[in-house]
Amino acid sequence: MLGKLAFATGMGPASVVLFRALTAVALLALVLAGFDRAALRLPVRSVPLFLGLGMGLALSSSAFFHGVQHLDVGVAISLFYLYPALVALIARAALGEALTRRKAVALAVSLIGCALVAGRFEGARSVSGIGIVLSLVAAGACAVYTVLVKVAVRDHPPTRTTVYSLVFALPFLGLAGIVGGEPLQPPGTAAAWGLVVLLAVVPTLAGYTLLAIALRFIESSRASIVATLEPVLATLLALGVLGERLRSLQGVGILLIVAGAILAQAERTGKPAPSIPP
């Protein structure tokens, strides 16, 4: 929703993602310099890991924002939210996380809910091949980023994980704008700057830091299923701020997403649940 408002000010997608990341880095670095300087110390041996985090974050953001230029937002969101399924598969292979039957059901319910909330089946315009590819690339990059964050928080505090993921993302975000042929321009009005700051603080700093905190305590696959609540919140905000109306299928989708999140978190950890065979 904030992205749509930022685009309305005349900023392109590459400029929005670059300046929100720059603003987020500046704000978080200032806070850490004043209250937790130890979080700003990054061991040299961890640079390759954070380079991967930066690439994943930059590719996910850039591909998604460019994808919505070629697809209806609902279609792009539906494709992007395939990423929890990719997280589950990658985490199973790389981290040994179990893909239990309950988790698989929660995942399926949540993905169906995302498609309904996004309005995938209601009046989508002609489908663009490049838009589909970009949305799927965004989903894959987000999945890789999520799994790498799970690895990073084993040795690094969530704030360090967030700030250096953004720092290493900056050159890739700039490169994406250059390759895409979009002139990178800062916000030109106070309203545009306000939107960029909101994007930097709420979905970027708060979102990425809370994800890193959560991944210290729960599996990456479970965290990604719960993250499907994001389009629900975006829809509810759009109802109040943009005056959009809730369609009946969106209401069903919201219920499915909430049910999937509850099902994923209700899984008992004391007794191993049956896993799906490889």
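Position numbers for residues count from 1 along each chain, tracking the sequence in the order it is written. Residues qualify for local features only when their pLDDT is at least 70, as the model is predicted, and side-chain atom pairs are given and counted only at 80 or more; totals for whole chains, interfaces and linings, by contrast, use all residues. Only heavy atoms go into the side-chain values, all of them from the structure, while hydrogens and water stay out.

**Student:** Which residues make up the overall build of the protein, and what values do they have?
**Tutor:** Assigned secondary structure in the protein consists of twelve helices and zero strands. Secondary structure counts use DSSP, requiring at least four H or I residues in a row for a helix and at least two E residues in a row for a strand, with both numbered from the N terminus. Tracing the protein from N to C terminus, the helices and strands come up as α-α-α-α-α-α-α-α-α-α-α-α. The classification of residues rests on relative accessible area computed with a 1.4 Å probe and restricted to protein chains. Under 20% of the type maximum is buried, over 50% is exposed, and intermediate values are partly exposed. Counting across all 278 residues of the protein, residues that qualify as buried make up 46%. Throughout, a contact is declared for two residues whenever any of their heavy atoms are within 4.5 Å. Taking the contacts inside the protein whose residues are at least 6 apart along the sequence as the reference set, 89% of them involve residues at least 24 apart. Put simply, the protein shows about 13100 Å² of open surface, and 70% of that area lies on carbon and sulfur atoms. Each accessible area is a Shrake-Rupley estimate made with a 1.4 Å probe; only the visible protein chains count as cover when residues are assessed.

**Student:** Quick one: what's the story with the packing of helix 3 (residues 47-67) against helix 8 (residues 158-179), residue by residue and with numbers?
**Tutor:** For the pair helix 3 and helix 8, interaxial distance at closest approach is 7 Å and the crossing angle is 55 degrees. If you check the angle between helix 3 and helix 8, you find them oblique. Regarding helix 3 and helix 8, the two cross each other, and that crossing is right-handed. Contacts from Val47, Phe50, Leu51, Leu53, Gly54, Met55, Leu57, Ala58 and Ser62 in helix 3 reach Arg160, Thr161, Tyr164, Ser165, Leu166, Phe168, Ala169, Phe172, Leu173 and Ala176 in helix 8. Each residue gets one label: Ala, Val, Leu, Ile, Met, Phe, Trp, Tyr, Cys and Pro are nonpolar, Asp, Glu, Lys and Arg are charged, and the others, such as Gly, are polar. For the contact of helix 3 with helix 8, a count of residues per class yields 14 nonpolar, four polar and one charged. Each axis is a line fitted through C-alpha atoms, taken for helices only over the stretch in contact, and angles between the N-to-C directions span 0 to 180 degrees. Roughly parallel means an angle under 35 degrees; roughly antiparallel means over 145; roughly perpendicular covers 65 to 115; every other angle is labelled oblique. Note on convention: near helix rotated counterclockwise from far helix by under a right angle means a left-handed crossing. Clockwise means right-handed.

**Student:** So, the pattern of salt bridges: which residues are in play, and what are the values?
**Tutor:** One side-chain nitrogen of Lys or Arg within 4 Å of one carboxyl oxygen of Asp or Glu is enough to make a salt bridge. Under the counting rule described, the total for this entry stands at one salt bridge. Ionic pairing is found between lysine 103 and glutamate 219, a salt bridge with its closest N-O pair at 2.6 Å. Linking lysine 103 in helix 6 (residues 101-118) with glutamate 219 in the loop between helix 9 (190-214) and helix 10 (220-226), this pair joins segments that are 116 residues apart in sequence. For glutamate 219, a relative accessible area of 25% gives the class partly exposed.

**Student:** Describe the confidence of the model for the protein, naming the residues involved and giving the relevant values.
**Tutor:** Summary statistics for the protein give a mean pLDDT of 84 and a share of 87% for residues scoring 70 or more. For every residue, the pLDDT score states the predictor's confidence, bounded by 0 at the bottom and 100 at the top. Of all helices and strands in the protein, the one with the weakest mean pLDDT is helix 11 (residues 229-241) (68), whereas helix 2 (residues 13-35) scores best (95). Predicted confidence is poor over residues 269-278, with pLDDT under 50, and the contacts of this stretch with residues over four places away or in other chains come to 16 contacts.

**Student:** Quick one: what's the story with empty space enclosed by the protein, residue by residue and with numbers?
**Tutor:** Note on definitions: the grid is 1 Å and covers protein atoms alone; a cavity is a set of points where a 1.4 Å probe fits but cannot get out; a pocket is an open set with protein on both sides within 12 Å along at least five of seven lines; lining residues have an atom within 4 Å of a point. Grid points are joined across faces, edges and corners, and a volume is the space filled by probe spheres set on the points. In the structure shown here, the tally under the stated rule is one cavity of 30 Å³ or more. Reported here for the largest cavity is a volume of approximately 40 Å³. In terms of lining residues, the largest cavity is bounded by Val17, Arg20, Ala21, Leu57, Ser61, Leu166, Leu173, Thr204 and Tyr208. Those elements giving two or more residues to the lining of the largest cavity turn out to be helix 2, helix 3, helix 8 and helix 9. Of the residues contributing to the lining of the largest cavity, the split by class is six nonpolar, two polar and one charged.

**Student:** I'd like a description of the nonpolar core, backed by residues and values.
**Tutor:** Across soluble globular proteins, nonpolar side chains have a tendency to be buried as a group. Residues grouped as a nonpolar core are buried Ala, Val, Leu, Ile, Met, Phe, Trp, Tyr and Cys residues, joined through side-chain atoms within 4.5 Å. In this structure, Tyr145, Val149, Leu166 and Leu173 are the most contacted members of the largest nonpolar core, which totals 41 residues. Of all elements in the fold, only helix 1 (2-7), helix 2, helix 3, helix 7 (129-152), helix 8 and helix 9 reach the threshold of two or more residues within this core. The next biggest cluster of nonpolar side chains, apart from the first, holds 24 residues, and it includes Cys114, Val117, Cys142 and Val147.

**Student:** Residues and numbers for a nonpolar patch on the surface, please.
**Tutor:** Nonpolar side chains collect at one region of the surface, where Leu27, Trp193, Val197, Leu198, Val201 and Val202 lie side by side and expose about 460 Å² of accessible area between them. Top contributing element to the nonpolar patch by residue count: helix 9, with five residues. With respect to the element layout, leucine 198 can be found in helix 9. Given the relative accessible area of 42%, leucine 198 is considered partly exposed. Exposure above 30% relative accessible area and the lack of any salt bridge qualify a residue for a patch; like charges then connect within 9 Å, and the nonpolar side chains Val, Leu, Ile, Met, Phe, Trp and Tyr within 5 Å.

**Student:** Tell me what's going on with the packing of helix 2 against helix 9, and back it up with residues and numbers.
**Tutor:** Where helix 2 meets helix 9, the closest approach of the two axes is 8 Å, and the angle between their N-to-C directions is 65 degrees. In terms of orientation, helix 2 lies roughly perpendicular with respect to helix 9. Crossing handedness for the pair helix 2 and helix 9: right-handed. Touching Val16, Phe19, Arg20, Thr23, Ala24, Leu27 and Leu28 of helix 2 are Trp193, Val196, Val197, Leu199, Ala200, Val201, Pro203, Thr204, Leu205 and Tyr208, all from helix 9. Partitioned by chemical class, the residues of the contact of helix 2 with helix 9 number 14 nonpolar, two polar and one charged.

**Student:** Requested: an account of helix 9, with residues and values cited.
**Tutor:** In a helix, the anticipated span is given by 1.5 Å times the number of residues less one. Taking 1.5 Å of rise per residue, the 25 residues of helix 9 would be expected to cover 36 Å, and the 34 Å separating its terminal C-alpha atoms lies within 8% of that figure. Bend, in this description, refers to the angle at a residue between axes fitted to the seven residues ending there and the seven starting there. Taking the largest bend as the criterion, helix 9 deviates by roughly 25 degrees, centred on glycine 207. Looking only at helix 9, the buried set comprises Ala192, Leu195, Val196, Leu199, Ala200, Thr204, Leu205, Tyr208, Thr209, Leu211 and Ala212. Those residues of helix 9 that are buried are in contact with helix 1, helix 2, helix 3, helix 7, helix 8 and helix 10.

**Student:** Explain the layout of surface pockets to me, using residue names and the numbers behind them.
**Tutor:** In this model, the second largest pocket occupies a volume close to 270 Å³. With six residues, the top contributor of residues to the lining of the second largest pocket is helix 3. Taken together, the residues of the lining of the second largest pocket break down into nine nonpolar, four polar and no charged.

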